[in-house]
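# Coordinate inspection notes
What follows is each chain in one-letter form.
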Amino acid sequence: MDFNDTAEEAAFRADVRRFLEVNAKRKSATETAHRGRYIPDANLAESLARAKEWQAKKADAGFAAITWPRKWRGRGGSPIEQVIYNLEEANYAVPRGAFEIGLGMCIPTMMAYATPQQLERHVRPALRGKEVWCQLFSEPAAGSDLAGLRTRAERSGDDWIINGQKIWTSGAHFADFGIIVTRTDPGVPKHQGLTFFFLSMKSPGIEVRRIKQISGTSNFNEVFFTDVRVPDSQRLGNVGDGWKVSLTTLMNERLAVGDAPGPDFDDIFALARSLELDEGPAIRNPAVREKLADWYVKTVGLKYTKFRTMTALSRGQTPGPEASITKLVSASKLQEIASYGIDLMGMTGAVMDGEIAPMEAWFQEALLYAPGLRIAGGSDEILRNIIAERVLGLPGDIRPDKDVPFRDLKSGKR
Ligand SMILES: Cc1cc2nc3c(=O)[nH]c(=O)nc-3n(C[C@H](O)[C@H](O)[C@H](O)COP(=O)(O)OP(=O)(O)OC[C@H]3O[C@@H](n4cnc5c(N)ncnc54)[C@H](O)[C@@H]3O)c2cc1C
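Residues numbered from 1 in each chain as written. Predicted model: local features only at pLDDT ≥ 70, side-chain atom pairs only at ≥ 80, totals over all residues. Heavy atoms only, no water.

### What about the overall build of the protein chain?
Looking only at helices and strands, the protein chain features 11 helices and 10 strands. Relative to the compact-globule value of 22 Å for 414 residues, the protein chain shows a C-alpha radius of gyration of 22 Å, a close match. With the principal axes as the frame, the protein chain shows a C-alpha extent of 75 × 50 × 45 Å. When each of the 414 residues of the protein chain is scored for burial, the buried share is 45%. Total accessible area computed for the protein chain in this model is approximately 20,800 Å², and 52% of it derives from carbon and sulfur atoms. Of the charged side chains in the protein chain, 55 are positive and 53 negative, and the gap between their average positions amounts to 3 Å. (Helix = DSSP H or I, 4+ residues; strand = E, 2+ residues; numbered from the N terminus. Rg over C-alpha atoms; globule rule 2.2 N^0.38 Å. Buried < 20%, exposed > 50% of the residue type's maximum accessible area, 1.4 Å probe, protein only. Areas by Shrake-Rupley, 256 points an atom, 1.4 Å probe, with all protein chains shown as cover. Lys, Arg positive; Asp, Glu negative; His and termini not counted. Charge placed at Lys NZ, Arg CZ, Asp CG, Glu CD.)

Below is the structure:
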């Protein structure tokens, strides 16, 4: 494992710090680190405009897409430089969250499959935040088992006609474009009958319905398709190759080395130091200390697991299953820390109002968004399957439907 920056990485980090110091506001000790992760619902238009302005600034400075080739106005940099940028940017209060799916997953898929003219039209506006993209994959009956999706696309002359429903589509309510995987042939096994497109989210026949989340916000949506026409020229990959194209998108998702947004060990430690329990300061309580010790051990374990990922990236290798371990442990740790912090607060733990709750209700908000983190980008059980198969060498999950035509599956019948 390499723990230190190489000379080039150190020089890059210094460049990033200079840019951020001049153009962004450093987070204060009291400012909660999660702010800026999503585009908030309140004043959506204004928040989105601020996020777009920041994105354009980043793009102009060459930090918006560090690994993209220069010809697409990226920096031609390495994945490790992207990780360094992300880690440094996390120290600043900047509006993020609107472009991660587009730049992290949709445009890289376009780069692998779209025509030069299409890239000319779409890459730059996405990079500068002018146009936002969303990912239309999950359906009510297809999430972990994405290949079980039912949204149909049928050929009609030079167009395809799409009918069906997607769900959990983050940012669809403000997206301009989306990538979508559809079923075009139900007569073959489920992975073989899929075809991939990109489309305008303003196409007639698309209806976006916000989903109200337990936190009170609505970051994701149901998206309904009724006779939506998409030209064949917007097909990405061959007819029937939609699964292969989807894997390109998902590989890019796995490359994102994201931290679960806090509160983390330092924050629960600070909370325990600040609170008085009936029998004295929380930090002196043996049960509290035992919990803190557990989270400290997990936090250090995660730090070194992330170093493994960074080492692989730094050497130009594709990271192994470490990213699954990091995601599995950090999302559940976040949920435990949030829950315990609220318990420690006693009656005030029930207060959601950031004006009066301790630490701007950070723990309360985290308790409500942590379950989503344990599902998005691979649920706990799916990650455990990956670790079981790829790290422990256990037998693979049973896949009885692998060779059966989709229309003959129980889940495939309409
Ligand atoms: C915050 C958030 C944002 C999201 N954004 C998007 C987005 O922008 N675009 C998009 O397309 N989707 C998005 N999703 C959807 C996400 O990809 C799915 O929720 C996820 O893939 C799980 O699918 P599911 O919800 O259908 O659950 P299911 O797959 O139905 O799983 C239900 C339960 O069964 C378990 N399970 C399933 N299969 C197995 C198995 N083989 N072995 C053991 N256990 C299993 C799961 O772990 C889970 O506990 C988002 C989800 C969240 C929470």
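### Quick look at the packing of helix 8 (residues 286–314) against helix 9 (residues 322–345)
The N-to-C vectors of helix 8 and helix 9 enclose an angle of 155°; their axes lie 10 Å apart at closest approach. Considered as vectors, helix 8 and helix 9 are oriented roughly antiparallel to each other. Between helix 8 and helix 9 lies a crossing of left-handed hand. Facing helix 8, whose interface residues are Ala287, Val288, Lys291, Trp295, Lys298, Thr299, Leu302, Thr305, Lys306, Arg308 and Thr309, helix 9 presents Glu322, Ala323, Ile325, Thr326, Val329, Ser330, Lys333, Glu336, Ile337, Tyr340 and Leu344. Across the contact of helix 8 with helix 9, the residue classes break down as 10 nonpolar, five polar and seven charged. (Axes fitted to C-alpha atoms, helices over the stretch in contact; angles between N-to-C directions. Parallel < 35°, antiparallel > 145°, perpendicular 65-115°, else oblique. Left-handed = near helix turned anticlockwise from the far one by under 90°. Contact = heavy atoms within 4.5 Å. Nonpolar A, V, L, I, M, F, W, Y, C, P; charged D, E, K, R; others polar.)

### Quick word on the pattern of salt bridges
Enumeration over the complete set of coordinates arrives at 23 salt bridges. Its salt-bridge partner being Arg26, residue Glu21 comes within 3.6 Å of it at the nearest N-O pair. Glu21 sits in the partly exposed class, given a relative accessible area of 47%. For Asp380, the salt bridge goes to Arg374, with nearest N and O atoms at 2.5 Å. Taking relative accessible area as the criterion, Asp380 reaches 5% and is therefore assigned buried. Overall, the relative accessible area of 27% leaves Arg374 in the partly exposed class. (Salt bridge = Lys/Arg side-chain N within 4 Å of Asp/Glu carboxyl O.)

### Some words on the site of the ligand
Near the ligand, the surroundings consist of 18 residues, among which Ser138, Ser144, Trp168, Ser379 and Glu381 are the closest. The contact in question runs from an oxygen atom of the ligand to an N or O atom on the side chain of Ser144, over 2.6 Å. Out of a free accessible area of 980 Å², the ligand has 66% covered by protein chains. Secondary-structure elements contributing two or more residues to the shell around the ligand are strand 3 (159–170) and helix 11 (380–390). Per-class residue counts for the shell around the ligand are seven nonpolar, nine polar and two charged. (Near = heavy atom within 4 Å. Polar contact = N/O pair within 3.5 Å; in protein donor to acceptor, adjacent residues only side chain to side chain.)

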